[in-house]
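Spelled out, the chains give:
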Amino acid sequence: MDDFLLRALIAGLGVALVAGPLGVFVVWRRMAYFGDTLAHSALLGVALGFLLGINLNLSVILLGILLALLLVAMGGNRQLSQDTQLGILAHSALSLGLVVMAFQTSIRVDLMGYLFGDILAVTASDLLWVWGGGLCVLLALGLFWRPLLSLTVHEELAQVEGVPVARMRLLFMLLIALVIAVSMKIVGVLLITSMMIIPAAAARRFSRSPEQMALIAAAIGAIAVALGLAGSWHWDTPAGPSVVVAAALLFAATQLGGKTGYP
Amino acid sequence: MNRKMTPLLEAREISIRLQGRQLLERVSLKVDQGEIVTLIGPNGAGKTTLVRIILGLLKADQGEVVLQPGVRIGYMPQQLALSENMPLRVERFLSLGAGRSDSDVATIVDELLIGKLLRQPMQRLSGGERQRVLLARALMRRPELLVLDEPVQGVDVTGQAALYSLITEIRERFGCGVLMISHDLHLVMATTDQVLCLNQHVCCSGHPESVSQHPAYLELFGAPASARLAVYTHHHDHTHDIHGDVEAESEEHSHG
């Protein structure tokens, strides 16, 4: 196997193993659109990173946190429903990112790479980011699994029972921002949420407990990465979208077989 | 000894305005150990708002809530909007509340008759089953104060009476104070020690019998039709229409 393909596989597996367990929370908490908003804003993070000359992963993480805080602050505004607020933020951030990038004539930015990922161009330092960041996220998920779960089941009940709800919510947003930042290069800002949601949704049918669902989601994501890369190699299709197509096909396959009742 | 003297919970002169609407005005209430206090009032009277303030989920503009130091609270929320996508069995849901040893859990599970439900997904429970599971979760914390927000929500009429008598039993067995919200005074009459009739302010309060005669209560809920009273006094010898209202024939029962 070629070196670049091996690196792509390792990077993709890193993303899948983190996006699955985090994704189940995104699905349970009905925050798919929130994830999308943070992901779209990542492009603005990239543009600002270029502008200020700082590490792009770092600028994306920082912008993600900033946006998460902004959303928490906007949450108090009852005049606009949350999906409207998210819609405003998601698309303004994406457009602003594109506009800021256009102003920077001195550098050539591989826009398609950021939008849809460029997994075959993954470098050794990218691998370090993906696996280092990924391990941090998994560690945090493991440490705070129980309070996060409790919060997801019923926020006020969790708060009465002593879970630091506000801090946990912030932690969760931070983890999403982190995952987006480190996997942007692999699947791109437009597709990263799909790696959280599709494997999680596919895992639902086979899961009888929250933990099971997280593990199965990670496994399905990993299979999708392997299949997608193989397909991309075989048919010379773009790698990031191929991985997502593979995930979608896996999801469709899980929906076959009749019964809709969950175990 | 001293612990027995101070109330489990005392709310003093609670006032709150939200979005230009006065939700509560100078509301005070007290729950002693082993006492059941029921909040009644029409929709939008501020019952849930008051409970949220007492639980520390919402901050009052004025007034204070004094809890007995270190008091353990068991809370039964009004709703559980669990995503269909979350695989969660009843036993797991109960364990999230934590705090009990296995034998304690078994006792509570027996008490609430939910043994058969333990391996069921939370989303498949009926209204009555769900409420009993929520109550069990509240009890897992060895509460000294139970706070129940509409405990009979979504439960059919016979189930409602059973659930209320269960709450009375629990009070006796665990010796905890209970603060609950109810929409119907006559259903909780036999259960409760104190009633607070709330409509932004406390309209009237006291023993359930006296509240049911109070002019302020009557103004809010209308005169007690003898048929409504029958729900309390003649529990099993009348019929209900589809809305759970007692049908006119119970009038005959009271004459016979």
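All figures in this text were calculated on a predicted structure; none of them were measured in a lab.

The rules we used
- Sequence order sets the numbering: in each chain, residues are counted from 1 along the sequence as written.
- Chains carry letters from A onward and ligands carry numbers from 1 onward, assigned in written order.
- Predicted model: local features are reported for residues with pLDDT of at least 70 only, side-chain atom pairs are reported and counted for 80 or more only, and whole-chain, interface and lining totals are derived from all residues.
- To obtain an axis, a line is fitted to C-alpha atoms, over the contacting stretch when the element is a helix, and the angle between two such axes runs from 0 to 180 degrees between their N-to-C directions.
- Helix numbering and strand numbering both begin at the N terminus, where a helix is a DSSP run of H or I of at least 4 residues and a strand a DSSP run of E of at least 2.
- In what follows, roughly perpendicular refers to angles from 65 to 115 degrees, roughly parallel to angles under 35, roughly antiparallel to angles over 145, and oblique to any angle outside these ranges.
- Here a crossing is taken to be left-handed if its near helix is turned anticlockwise relative to the far helix by less than a right angle, and right-handed if that turn runs clockwise.
- Each residue gets a C-beta atom placed from its backbone, and two residues are in contact if those atoms lie within 7 Å.
- Residue type decides the class: Asp, Glu, Lys and Arg count as charged, Ala, Val, Leu, Ile, Met, Phe, Trp, Tyr, Cys and Pro as nonpolar, and the leftover types, Gly among them, as polar.
- Any two strands between which DSSP finds at least two bridges are classified as paired.
- A score between 0 and 100, pLDDT records how confident the predictor is in each residue.
- Note on burial: count the other C-beta atoms lying within 10 Å of the residue's C-beta; 20 or more is buried, 12 or fewer is exposed, in between is partly exposed, and C-beta positions come from the backbone.

1. Observations concerning the packing of helix H1 (residues 3-28) of chain A against helix H9 (residues 165-187) of chain A
Residue and element names in this part refer to chain A.
Part 1 of the reasoning: It is the contact of H1 with H9, at a shortest axis distance of 10 Å, that shows an interaxial angle of 150 degrees. Taken together, the axes of H1 and H9 are roughly antiparallel relative to one another. Here H1 runs over H9; the crossing is left-handed. Judged by residue contacts, Ala11, Gly12, Val15, Val18, Ala19, Leu22 and Phe25 of H1 engage Phe172, Leu175, Ile176, Val179, Ser183, Ile186 and Val187 from H9.
Part 2 of the reasoning: Split by residue class, the contact of H1 with H9 holds twelve nonpolar, two polar and no charged.

2. Points about the interface of chain B and chain A
Part 1 of the reasoning: Each side of the interface is counted separately: chain B has 18 residues, and chain A has 20 residues.
Part 2 of the reasoning: Those elements that provide at least two residues to the side of chain B that touches chain A are strand S5 (73-76) and helix H3 (90-97) of chain B.
Part 3 of the reasoning: Broken down by element, the side of chain B that touches chain A gets its largest block of residues, four residues, from H3 of chain B.
Part 4 of the reasoning: Taken together, the residues of the side of chain B that touches chain A break down into 13 nonpolar, three polar and two charged.

3. Brief notes about the sheet that holds strand S3 (residues 36-40) of chain B
The strands making up a sheet are joined through hydrogen bonds of the backbone, oriented either antiparallel or parallel.
Residue and element names in this part refer to chain B.
Part 1 of the reasoning: Ordered by their spatial adjacency, six strands build an open sheet running S5-S6-S7-S3-S8-S9, and the pairing between neighbours is mixed. What marks the edges here is a single partner per strand, and that holds for S5 and strand S9 (201-206). Neighbour-to-neighbour, the strand axes of this sheet turn through a mean angle of 15 degrees, independent of strand direction.
Part 2 of the reasoning: Strand direction decides the pairing type here: strand S8 (residues 194-199) and S9, joined by five bridges, are antiparallel.

4. Focus: the confidence of the model for chain B
All names here are of chain B.
Part 1 of the reasoning: Summing up the model confidence of chain B, the mean pLDDT is 81 and the portion of residues at 70 or higher is 82%.
Part 2 of the reasoning: By mean pLDDT, helix H11 (residues 250-255) is the weakest element of chain B at 41, and strand S6 (residues 145-148) is the strongest at 94.
Part 3 of the reasoning: Across residues 226-238, confidence stays below pLDDT 50; counting only partners more than four residues off in sequence or on other chains, it has 28 contacts.
Part 4 of the reasoning: Note on residues 246-256: pLDDT is under 50 here. Beyond four places in sequence and across chains, it has 23 contacts.
Part 5 of the reasoning: In the predicted complex, the global pTM is 0.85; the interface-specific ipTM is 0.85.

5. Digging into the environment of Lys30 of chain B
Residues and elements named next belong to chain B.
Part 1 of the reasoning: As for its placement among the helices and strands, Lys30 is situated in strand S2 (residues 21-31).
Part 2 of the reasoning: Classification of Lys30 as partly exposed rests on a count of 18 C-beta atoms within 10 Å.
Part 3 of the reasoning: Measuring from C-alpha to C-alpha, the distance between Lys30 and Gly20 comes to 28 Å, with ten residues separating the pair along the chain.
Part 4 of the reasoning: Once residues within four sequence positions are removed from consideration, Lys30 is found in contact with Pro7, Leu9 and Glu10.

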